[in-house]
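# Architecture and fold: a report
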Amino acid sequence: MAETSSRRRSIIVAGTLFVSPLAVAAFRYPPCHPHLRQNVKQPVIALPWNAYSSLNDMDLFRITSKSVDVIRCDSSVISHGSDAERQRTPEASLDNLNFEETTSTELEIPVLTDADIKFEKRDKPRNRDHQLKMHALGLQQYQNAAFLDASFIRKRTKSLLEASATFLNDSMDGVNGEESLPSFRKKDFDWLVDAWSRSGERDAASMALALLNRMEELRDASNIEAKISPDVRTYTKVISAISRSGRQTAGEEAEAVLERMIAYSKSIVSSDVNLAPNTLTYTYVADAYARSHSPRSPENAQRIVDKMEQLRFNGDPEVRPTARAWNSVILAWGHWERNAPGDAIGAERAEACLKVMEKLANTTGNEEVRPNFYNYNSVISAWAHSREIGAPSRAEKILEKMESLYRASGNENVKPRTSTYNAIIDAWAKSGEVDMAKRAELLLGHMMELYETGHNLDAKPNVRSFNSVLNAWAKSGDMMAPDRAKELLVKMENLSLCEGGKKETGLDVAPDSTSFATAINAYARSYVPGKAESAFKLFQHMKELYDATGRESLKPNNVVFNSVLNACAFSMGDLEDQSKAMEIASSMLVELGESPYGCPDQVTYGTYLKVIANQMPASNARSQIVQAVFKKCARSGMVGEMVLRQLRDMSIKGETYRKCVGKSINDEINVRELPSSWTCNVVEGKRKRRRHFRRQ
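Residues numbered from 1 in each chain as written. Predicted model: local features only at pLDDT ≥ 70, side-chain atom pairs only at ≥ 80, totals over all residues. Heavy atoms only, no water.

### Re the overall build of the protein
Helix and strand content of the protein: 30 helices and six strands. Of all 696 residues assigned to the protein, the portion counted as buried reaches 50%. Here the analysis covers contacts within the protein between residues at least 6 apart in sequence; of these, 69% occur between residues at least 24 apart. Split by element, the accessible area of the protein, about 34,500 Å² in all, is 50% carbon and sulfur. (Helix = DSSP H or I, 4+ residues; strand = E, 2+ residues; numbered from the N terminus. Buried < 20%, exposed > 50% of the residue type's maximum accessible area, 1.4 Å probe, protein only. Contact = heavy atoms within 4.5 Å. Areas by Shrake-Rupley, 256 points an atom, 1.4 Å probe, with all protein chains shown as cover.)

Given below as structure tokens:
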């Protein structure tokens, strides 16, 4: 009994010694690096990008000390003439362009030439979302810089809708003569519809539909039908915008536009406007159903594809089912959840589509419907996401079929690629089966063999391949998981070493921040002693590599810091181990708050509270530290579900909870009932948090 009491007092003393000074330092109000804070609902100073880049740390300190919480770098806009709408792109230098102010009805948009575009080599673009847009659009086809600017196309859409509404009203009032022509043109509508279909904005579908509705009004109410009437390309782009919206009613909305298109094409006797729906039009409708994730989306997508086959059979030269259209059906089944235990799972129905496609190709002679690499990959992904028992093995059977078909025919359309193998490795990592890590690593070895022997150069392993195997080991629960994860990190570094300026293996698999975070998680989930210190050493090694190489992919982020904190929270051992875990956790919290890597988020605070709960016994000292942590968390607007849940779990008598939240622990309040200033910067959900970190 005396020994237990002595041990408890020792832990309290150790916690006070290690935590209190560090906690005080952590709860100062350092000027958090401004451009890493997102969705901050506090006073903001917006600076132009060129002014921000010239500021030094002292300038930032002076600004933040004047009751301003955040400085935001407005790198997304640059002044051009009288507008401030042109988006600054990392890849292109657009400083010499001048967007002249136009009238509300004219859309004269400057076009970039190859000479205007200067590319810079970067390990990781400053704006990943913009890079994806640039890749999707293709500079050769869409060289217009304004095409990428949502604020620009939003303004032009508003101007065009206003101008066209005025023209319609004047026509109805007889102000316009019979031969009076509007100042806007059909290509103005088409350009904006095209821009919205590719913009990725939440209201893209609504804006595209508004433009289509106005075109139909102009077609039906004026004498300029041949100039303003929407054609098949217009309707198809609008359906594409609806498809990409992903809303639950997208399928029905897309099919309604298709029916409007068909109905009008049947009502006109002769016209120069082509309104016959084609293969791409129907494909986008099927895709809209697939992306809606509604309960009946697979059946509806299948119905659209069956209609395409019927039209082909009836002799329609513009429509025939393709592998791309069928891929929408496969994707819909891949995301489908069965209604009853006896129903076939979505992955099985997705796999059945492959057999139907092969039969159609053989019986109808339509080779465009024969399954290709994308179809097989989609079915493999369906099995990977199904989490069904034996799902990885079913996925591997599909891979074996692809390899067999490729060996027999040499057909590149069925050749397995890196993404194929990665999907199966990921399936093993998520399966929870006993030997999942070994099977995942075995498949990685198979990839390397295929690549090194030259049998399949498209099976080249990448960083994601190794990270998926690392994830399999981290989740395996195997006693050797931390050692195997560390060995894989060393292997990744060795494979990426250069000799004479050339990589010996040709593999660019240098570990990134995700690699280290996953390896640290392998320690956190293990039962090895001293795992907090081992995790911290990996973190230090990662920082050393980042400082030595400057690779952006190695830059520490919240995920890595939180992984080390998690290892500290579940560190086991004697008093010295617990004290060391507290010391490491406190130093990580301080470093994240003062570093340019980011700011503590709700997971950081929640995990730190878990460290305190697991490594310190209940005491007044612990209660004071918890209150200080919560106060800082609330002031940062980071009180999320995890923070509230952890605070409730560690408040045995409820007193600490009442002092922090101001309510009884029995009230069972949720985050939505807390003051908005406490929760305004919280980003909940893995996908949203992943997108949030990518924008940083």
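What follows picks up the thread again.
### Things to note about the pattern of salt bridges
This structure, assessed with the given rule, holds 29 salt bridges. The closest approach of N and O atoms between Glu259 and Lys307, which form a salt bridge, is 3.9 Å. Of this pair, Glu259 sits in helix 10 (residues 250-267) while Lys307 sits in helix 12 (residues 297-313), and the two are 48 residues apart along the sequence. The class of Glu259 is partly exposed, set by a relative accessible area of 37%. (Salt bridge = Lys/Arg side-chain N within 4 Å of Asp/Glu carboxyl O.)

### Side note on the packing of helix 11 (residues 279-292) against helix 13 (residues 323-334)
Between helix 11 and helix 13, whose axes approach to 8 Å, the crossing angle comes to 10°. The angle between the axes of helix 11 and helix 13 places the two elements in the roughly parallel class. Across the interface between the two elements, Leu280, Thr283, Tyr284, Ala286, Asp287 and Ala290 of helix 11 pack against Arg324, Ala325, Ser328 and Ala332 of helix 13. Here the residues of the contact of helix 11 with helix 13 sort into six nonpolar, two polar and two charged. (Axes fitted to C-alpha atoms, helices over the stretch in contact; angles between N-to-C directions. Parallel < 35°, antiparallel > 145°, perpendicular 65-115°, else oblique. Nonpolar A, V, L, I, M, F, W, Y, C, P; charged D, E, K, R; others polar.)

### Notes on the environment of Ser171
Following the sequence through the fold, Ser171 ends up in helix 5 (residues 150-172). Residue classification places Ser171 among the partly exposed residues on the basis of a relative accessible area of 26%. A C-alpha to C-alpha distance of 8.4 Å links Ser171 and Ala221, two positions 50 residues apart in sequence.

### Here we look at the nonpolar core
Grouped together as the largest cluster of nonpolar side chains are 166 residues, with contacts concentrated most on Ile612, Phe630 and Val661. Those residues in contact with Ile612, other than ones at most four positions away along the chain, are Met582, Arg622, Ile625, Val626, Val629 and Met650. (Core = buried A, V, L, I, M, F, W, Y, C linked by side-chain atoms within 4.5 Å.)

### Re the packing of aromatic side chains
A complete count under the given rule lists nine aromatic pairs for this structure. Ring centres of Phe167 and Phe184 lie 5.8 Å apart, and the angle between their planes is 85°; on these two criteria the pair is classed as edge-to-face. Of this pair, Phe167 sits in helix 5 while Phe184 sits in the loop between helix 5 and helix 6 (186-199), and the two are 17 residues apart along the sequence. For Phe167, a relative accessible area of 9% corresponds to the buried category. Plain terms: the ring middles of Phe536 and Phe539 are 6.3 Å apart, the flat faces sit at 25° to each other, and that makes the pair stacked. Within this pair, Phe536 and its partner Phe539 are both found in helix 22 (residues 531-549), separated by three residues, close to a single helical turn. Each member of the pair, Phe536 together with Phe539, is buried. Taken together through their ring pairs, the aromatic side chains of Phe536, Phe539, Tyr546, Phe561 and Tyr597 make up a single cluster. Taking the ring centre of Tyr264 as reference, the NZ or CZ of Arg219 above it sits at 3.6 Å. It is Arg417 that lies over the ring of Phe373; its NZ or CZ is 4.7 Å from the centre. (Phe/Tyr/Trp six-rings, centres within 6.5 Å; stacked < 30°, edge-to-face > 60°. Lys NZ or Arg CZ within 6 Å of the ring centre and 35° of its normal.)

### Side note on unusual backbone geometry
With a phi angle near 55°, His293 is a residue other than glycine that sits in the positive phi range. Secondary-structure assignment places His293 in the loop between helix 11 and helix 12. With relative accessibility at 47%, the residue His293 sits in the partly exposed group.

### A look at helix 20 (residues 481-495)
Its 15 residues give helix 20 an end-to-end C-alpha distance of 21 Å, which sits within 8% of 21 Å, the value for a rise of 1.5 Å per residue. Contacts from the buried residues of helix 20 go to helix 18 (436-453), helix 19 (463-476), helix 21 (513-524) and helix 22. (Expected span 1.5 Å × (residues − 1).)

### A few points about the environment of Lys401
Residue placement: Lys401 occurs in helix 16 (residues 391-409). With a relative accessible area of 37%, Lys401 lands in the partly exposed category. Each C-alpha atom, one on Lys401 and one on Tyr376, is 9.5 Å from the other, the two residues being 25 residues apart in sequence. Ignoring sequence-local partners within four residues, the contact set of Lys401 consists of Glu358 and Tyr376.

### Quick look at the packing of helix 13 against helix 15 (residues 373-386)
For the pair helix 13 and helix 15, interaxial distance at closest approach is 9 Å and the crossing angle is 0°. Compared by their axis directions, helix 13 and helix 15 come out roughly parallel. On helix 15, the residues that touch Ala323, Asn327, Ile330, Leu331 and Gly334 of helix 13 are Tyr374, Asn375, Ser378, Val379 and Ala382. The class makeup of the residues in the contact of helix 13 with helix 15 is six nonpolar, four polar and no charged.

### Overview of helix 16
Under the 1.5 Å per step criterion, the end-to-end length of helix 16 is 27 Å for 19 residues, consistent within 8% with the ideal 27 Å. Regarding helix 16, the residues found buried are Ala391, Pro392, Ala395, Glu396, Ile398, Leu399, Met402, Glu403 and Tyr406. The arc enclosing the buried residues of helix 16, seen along the axis, measures out at 155°, which places them on a common side. In helix 16, those exposed residues whose orientation departs by more than 90 degrees from the buried face are Lys397, Arg407, Ala408 and Ser409. (Arc of directions from axis to C-beta.)

### Things to note about the side chain of Ser197
The residue Ser197 is located in helix 6 in this model. Within the structure, Ser197 has its side chain in polar contact with the backbone oxygen of Asp194 (distance 2.7 Å). With near-sequence residues (within four places) excluded, Ser197 lies in contact with Lys237, Ser240, Ala241 and Arg244. (Polar contact = N/O pair within 3.5 Å; in protein donor to acceptor, adjacent residues only side chain to side chain.)

### Here's the deal with the environment of Ala522
Relative to the elements of secondary structure, Ala522 occurs in helix 21. For Ala522, a relative accessible area of 2% gives the class buried. Not counting the four nearest positions on each side in its chain, Ala522 is found in contact with Ala474, Ala481, Pro482 and Ala485.

### Describing the state of the cysteines
In total, this model carries zero disulfides according to the counting rule given. Unpaired in terms of disulfides, Cys660 finds its nearest cysteine sulfur in Cys633, a separation of 9.9 Å. By relative accessible area, which is 11% here, Cys660 ends up buried. (Disulfide = S-S within 2.5 Å.)

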